[in-house]
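One-letter residues, chain by chain:
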Amino acid sequence: MRTVADVIDAVSTERRSPSGDVYRHLAPVYDVFARTIDYDAYASFIRTHEPEDTTAIGLFACGTGRLLATVADRYEIAVGFDRSSAMLSQATARTDAPTIVADLRTCVVPGRFDVVTILGNSLVHLAPQDNGPDPFQIVLSNAFESLRPGGVLLCDFIPPSSVIDGHVMEAVATDDPYQITRTIVTRVTNRDAGGLGPAGRYTYAYKIEDRRTNRTARVSATAPIRGYRPASVLRTALDVGFTEAALVESSPESDEALAARKPT
């Protein structure tokens, strides 16, 4: 498992910001910020909406596995999926639950799970496309196919009001002896991508300081961002085959959440 010290070393050696899989460098940094999230609240959120006698759960876009580690002991089968092998290396260091490298847009495990989750605002990074089915529709369809009859999809998302052009967010986290400052700038490039809501990009800037040696590294990266109109989320869930879909009390890190049930 890579550490924050490895991030500083890698950035200093390559002398450039990461490209491609940005988490190849930044997974340990992401995990430091993830410590502030209330995963027990996430587990309670899942428990509130899961079917009775749930035995199998799939956590799509599980990231560094903190939620997977929190819930794994409750189920006979708990599997984490993420497209970043670097993120999953963090996950496998904290839980024995199986993990699989897989992209949301292609991940299908037919009829395997009672619950599929896509939490932690992972849907925010689905970039719209000009042709073919919308990636959001594809992801919900994949989740539908991965559920057993009567199974439930739980996902959270940010609404259009949270996607503001020029908005700047800053947060500071510590991993002794490191202090990490993260700045995120939002840019909107499409006000109504696919009729679902605004789309654009996040630009991340990380400043990592070793307070013991005064060594500093700076890393920047970009990622797609997308907000979703709640009514469009509900309509899409019904379009892919869910017969019950409702907006539910939001999960810990998001303004909006969806619970959708596959017909029995």
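The following paragraphs examine the structure supplied in this document.

Remarks on the nonpolar core
By size, the foremost hydrophobic cluster in this structure holds 29 residues, and its most contacted members are Phe60, Ile118, Leu123, Phe136, Leu153, Tyr228 and Phe242. Only β1 (56-60), β2 (77-82), β4 (113-118), α6 (135-146), β5 (147-157), α7 (230-239) and β11 (256-261) provide two or more residues apiece to this core. Per-element accounting of this core gives the leading share, five residues, to α6. Apart from the residues within four sequence positions on either side, Leu153 is in contact with Val116, Ile118, Leu140, Ala143, Leu147, Phe242, Leu258, Ala259 and Ala260.

Topic: the sheet that holds strand β6 (residues 168-175)
Spatial strand order, β6-β7-β8-β9: four strands in an open sheet with antiparallel pairing. Two strands bound the open sheet, and with one partner strand each, they are β6 and β9 (215-226). Averaged over neighbouring strand pairs, the angle between their axes works out to 20° when direction is ignored. Direction of pairing for β6 relative to strand β7 (residues 178-193): antiparallel, over a ladder of eight bridges. Counted as the bridge partner of Val172 is Thr181 from β7.

Rules of the game
- Residues numbered from 1 in each chain as written.
- Predicted model: local features only at pLDDT ≥ 70, side-chain atom pairs only at ≥ 80, totals over all residues.
- Heavy atoms only, no water.
- Core = buried A, V, L, I, M, F, W, Y, C linked by side-chain atoms within 4.5 Å.
- Buried < 20%, exposed > 50% of the residue type's maximum accessible area, 1.4 Å probe, protein only.
- Helix = DSSP H or I, 4+ residues; strand = E, 2+ residues; numbered from the N terminus.
- Contact = heavy atoms within 4.5 Å.
- Pairing = 2+ DSSP bridges.
- Axes fitted to C-alpha atoms, helices over the stretch in contact; angles between N-to-C directions.

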